[in-house]
Amino acid sequence: MSIARINMMEFLTEKDLESSENLYEAIQKEWFANAQTVINVRTGPKSLLNLAVYSSYEDAETNLPKRKEFQDILKKINLLLLIVFTTKEILLILKAPTPIK
């Protein structure tokens, strides 16, 4: 059974969102090569929805170290809020230390 990982992200500025998109585009094929499908949708000027589909839960688990590394990088480029879902459960909710204004 396939599994989807869904990230909803809110950034401080449009430039921060663009930086995250550029980074993801540069690393996606290497860090998340086992994703069957990847879709990024801008849901607002500073927000983004990312959907990745994997062939199985086990397959999705193999890239968790790189996924965490990517999330840590995002926090450094003014990510305000990251909510991570799978088709089975909410995995984690990270709130960066930058206050929402």
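Described below are features of the structure shown in this document. Along each chain, residues carry numbers from 1 onward, in the same order as the chain's sequence is written. Where local features are concerned, this predicted model is filtered to residues with pLDDT of at least 70; where side-chain atom pairs are given and counted, the filter is 80 or more; whole-chain, interface and lining totals use all residues. Note: side-chain values were computed over all heavy atoms of the structure, leaving out hydrogens and water.

Across its full length, the chain carries 3 helices and 5 strands. Per-residue accessibility, obtained with a 1.4 Å probe over protein chains only, is compared with the maximum for each type, and a residue is labelled buried under 20%, exposed over 50%, and partly exposed between these values. The buried share of the chain, taken over its 101 residues, is 35%. The contacts in the chain between residues at least 6 apart in sequence include a share of 67% that link residues at least 24 apart. As presented, the chain carries roughly 5,900 Å² of accessible surface, and 57% of it is formed by carbon and sulfur atoms. Helix and strand labels come from DSSP, where a helix needs a run of H or I of at least four residues and a strand needs a run of E of at least two; each type is numbered from the N terminus. What makes two residues a contact is simply this: any of their non-hydrogen atoms within 4.5 Å. For accessible areas, the Shrake-Rupley method is used with a probe of radius 1.4 Å. Any residue's cover is judged against the shown protein chains and nothing else.

It is worth spelling out the environment of Glu 58 at this point. Summarising the element assignment, Glu 58 is placed in helix 2 (residues 57-61). Under the relative-accessibility criterion, Glu 58 is labelled exposed at 57%. Note: C-alpha distance between Glu 58 and Ser 2 (56 residues apart in sequence) is 10.0 Å.

Classification of ring pairs uses Phe, Tyr and Trp, with its six-membered ring standing for Trp, and accepts pairs whose centres are within 6.5 Å; under 30 degrees between planes counts as stacked, over 60 as edge-to-face, and the remaining range as tilted. Taken as a whole and judged by the stated rule, the model has 4 aromatic pairs. Where Trp 31 meets Phe 32, the ring centres are 6.5 Å apart and the plane angle is 65°; that geometry is what we call edge-to-face. In this structure Phe 32 comes out as buried when scored by relative accessible area, which is 4%. Look at Phe 32 and Phe 70: their rings are 6.2 Å apart centre to centre, the planes differ by 80°, and that puts the pair in the edge-to-face class. With Phe 32 in the loop between helix 1 (14-31) and strand 2 (37-44) and Phe 70 in helix 3 (residues 64-76), this residue pair connects regions lying 38 residues apart in the sequence. A relative accessible area of 9% places Phe 70 in the buried class.

A few words now on the pattern of salt bridges. The term salt bridge refers to a side-chain nitrogen of Lys or Arg lying within 4 Å of a carboxyl oxygen of Asp or Glu. Using the criterion set out here, one finds 4 salt bridges in the structure. A salt bridge links Arg 42 to Glu 21; the nearest nitrogen and oxygen atoms lie 2.6 Å apart. One end of the pair, Arg 42, is in strand 2; the other, Glu 21, is in helix 1, and 21 residues separate them in sequence.

Two strands qualify as a pair provided that DSSP identifies no fewer than 2 bridges between them. Where strand 1 (residues 3-11) meets strand 3 (residues 47-54), 8 bridges bridge the pair, whose relative direction is antiparallel. Its bridge partner lying in strand 3, Ile 6 is registered against Leu 51. By the bridge criterion, 7 bridges tie strand 2 to strand 3 in an arrangement that is antiparallel. By the bridge assignment, Val 41 is partnered in strand 3 with Leu 49. Joining the antiparallel neighbours strand 2 and strand 3 is a turn of 2 residues.

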